[in-house]
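Structure assessment
Okay, here's what each chain looks like letter by letter:
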Amino acid sequence: MRVLIADDTPSVREAVRYIVESDGHDVVEAGSGTQALALLSSDRFDLAILDIWMPGRSGLDLLKHIRHEQPGLPVIIMSGGGPGASLEQATAIADLYQASHILYKPFDDEELLALLRTLTR
Amino acid sequence: MTVHLSTAQAQTDAPAATDMALALLLEQAVRGFYPDRGPDQMHPGQWAALRYLGRANAEARTIAGLARYLDITVGPASRAAAALERKGLIAIRVDAADRRVRRLDLTAQGRDLLAADPLLNAARQLARIANDHKQGLRLAVLALLGDGIDDSADPFVLATG
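If you're wondering where the values come from, they're calculated on a predicted model, not measured in any experiment. (Residues numbered from 1 in each chain as written. Chains lettered and ligands numbered in written order. Predicted model: local features only at pLDDT ≥ 70, side-chain atom pairs only at ≥ 80, totals over all residues. Heavy atoms only, no water.)

Let us look at the overall build of chain A. When you go through chain A residue by residue, the secondary structure sums to five helices and five strands. Over its C-alpha atoms chain A spans a radius of gyration of 13 Å, differing by no more than 12% from the 14 Å that the globule rule assigns to 121 residues. Of the contacts made within chain A by residues no fewer than 6 positions apart, 68% connect residues no fewer than 24 positions apart. Put simply, chain A shows about 5200 Å² of open surface, and 49% of that area lies on carbon and sulfur atoms. Charge separation in chain A, taken as the distance between the mean sites of 10 positive and 18 negative side-chain charges, equals 5 Å. (Helix = DSSP H or I, 4+ residues; strand = E, 2+ residues; numbered from the N terminus. Rg over C-alpha atoms; globule rule 2.2 N^0.38 Å. Contact = heavy atoms within 4.5 Å. Areas by Shrake-Rupley, 256 points an atom, 1.4 Å probe, with all protein chains shown as cover. Lys, Arg positive; Asp, Glu negative; His and termini not counted. Charge placed at Lys NZ, Arg CZ, Asp CG, Glu CD.)

Here we take up the layout of surface pockets. The calculated volume of the largest pocket comes to roughly 1700 Å³. Along the wall of the largest pocket there are 34 residues; nearest its centre are Ala 92 of chain A together with Phe 33, Leu 119, Leu 126 and Val 141 of chain B. Of all the secondary structure elements, the ones that give two or more residues to the lining of the largest pocket are helix H4 (87–96) of chain A together with helix H2 (17–31), helix H3 (44–55), helix H7 (118–127) and helix H8 (131–144) of chain B. A per-class count over the lining of the largest pocket returns 23 nonpolar, four polar and seven charged. (1 Å grid on protein atoms, 1.4 Å probe; cavity = no way out; pocket = protein on both sides within 12 Å on 5 of 7 lines; lining within 4 Å. Points joined across faces, edges and corners; volume = space filled by probe spheres on them. Nonpolar A, V, L, I, M, F, W, Y, C, P; charged D, E, K, R; others polar.)

Here we take up the confidence of the model for chain B. Summary statistics for chain B give a mean pLDDT of 87 and a share of 83% for residues scoring 70 or more. Overall, residues 149–153 of chain B carries pLDDT values under 50, and its contacts beyond four positions in sequence, including any with other chains, amount to nine contacts. (pLDDT = per-residue confidence, 0-100.)

All names here are of chain B. Where helix H4 (residues 63–70) contacts helix H5 (residues 74–86), the two axes come as close as 9 Å, and the packing angle between them is 110°. One finds that H4 runs roughly perpendicular with respect to H5. Each of Ile 63, Leu 66 and Ala 67 in H4 lies in contact with H5, whose residues at this interface are Val 74, Ala 77, Ser 78 and Ala 81. Among the residues forming the contact of H4 with H5, the class breakdown is six nonpolar, one polar and no charged. (Axes fitted to C-alpha atoms, helices over the stretch in contact; angles between N-to-C directions. Parallel < 35°, antiparallel > 145°, perpendicular 65-115°, else oblique.)

On to the pairing of strand E3 (residues 47–51) of chain A. All names here are of chain A. For E3, a buried count of five out of five residues is recorded, marking the element as mostly surrounded by other parts of the structure. Both E3 and strand E4 (residues 75–79) contribute to a ladder of four bridges, which runs parallel. When the bridges of E4 are listed, Ile 49 appears paired with Ile 76. (Buried < 20%, exposed > 50% of the residue type's maximum accessible area, 1.4 Å probe, protein only. Pairing = 2+ DSSP bridges.)

Attention now goes to the packing of H4 of chain A against H4 of chain B. Across the interface, H4 of chain A lies against H4 of chain B with an axial gap of 5 Å and an inter-helix angle of 75°. Relative to H4 of chain B, the element H4 of chain A lies roughly perpendicular. On H4 of chain B, the residues touching Leu 87, Glu 88 and Thr 91 of chain A of H4 of chain A are Arg 68, Tyr 69 and Leu 70 of chain B. Residue composition of the contact of H4 of chain A with H4 of chain B, grouped by class: three nonpolar, one polar and two charged.

This next bit is on unusual backbone geometry. A cis geometry characterises the amide bond from Lys 105 of chain A onward to Pro 106 of chain A, with omega recorded as -5°. Mapping Pro 106 of chain A onto the fold places it in the loop between strand E5 (101–104) and helix H5 (109–119). Unusually for a residue other than glycine, Asp 71 of chain B sits at a positive phi of about 60°. Checked against the element boundaries, Asp 71 of chain B lands in the loop between H4 and H5. According to the relative accessible area criterion, Asp 71 of chain B is partly exposed, its value standing at 39%.

On to the sheet that holds strand E2 (residues 26–30) of chain A, then. All names here are of chain A. What the five strands build is an open sheet, ordered E2-E1-E3-E4-E5; its pairing is parallel. In the strand order of this sheet, the two ends are held by E2 and E5, each with one partner. Put simply, the sheet's adjacent strands are angled 20° from each other on average, direction ignored. Helix-sheet contacts for helix H1 (residues 10–22) involve strand E1 (2–6), E2, E3 and E4, and the interaxial angle to E2 is about 170°.

Shown next as structure tokens:
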């Protein structure tokens, strides 16, 4: 499975990459929403794991784009605190745009692995 | 410099009566989501906390996680959790690996109450609204929340034709 991981925090990307690769999947990283959008347009993925808050294009913006362009692509939204933003509201918007799952930060390896296996079953 | 608005200018700035009426009706509709009121009843903030704890993955079910979700500081989040604990809806325990961390878990009573979440009724009412009207409502609510939705990029506009 080919997985796009988009998060503007390198340590989060690295940790998520490690977990996803340990489950036997190929990973492509994006350090910004803009980069992720370019990758989504030029490449093909089986799953996207997106940080909810990123400068420029947020994970919610990307989710809306994905639901428009590739409605069937599973999307995991990773949600943590944002700058003065309500996570309650943001996760409701992610539900509105049919995120496959919302994974609240912090999460551990097993939580992400269980989710990957559910979504790829 | 003090600027005095004329009566005509003040009237120009006032919203239309129909928009004011819509705002009032919107408020009434939202109040109706929570029919049970009173000091012993759950208030919307407590429901929000309960929903979070019913959904979040285990590692995020902490006071800090709750505070992030509700966009409040740790103090009010601790008080919200304590109130839910007093109602018997959650259990608070000290993390075995880090004693600074408080872990929050729904009790059986909390799970039962969550199954009777008043928003479920509201969602059922919304489900009865025709799709094209619901699409307008969705865009209006997102606009009110400042989400800045572009209709042309709304996947549901295409989906419903």
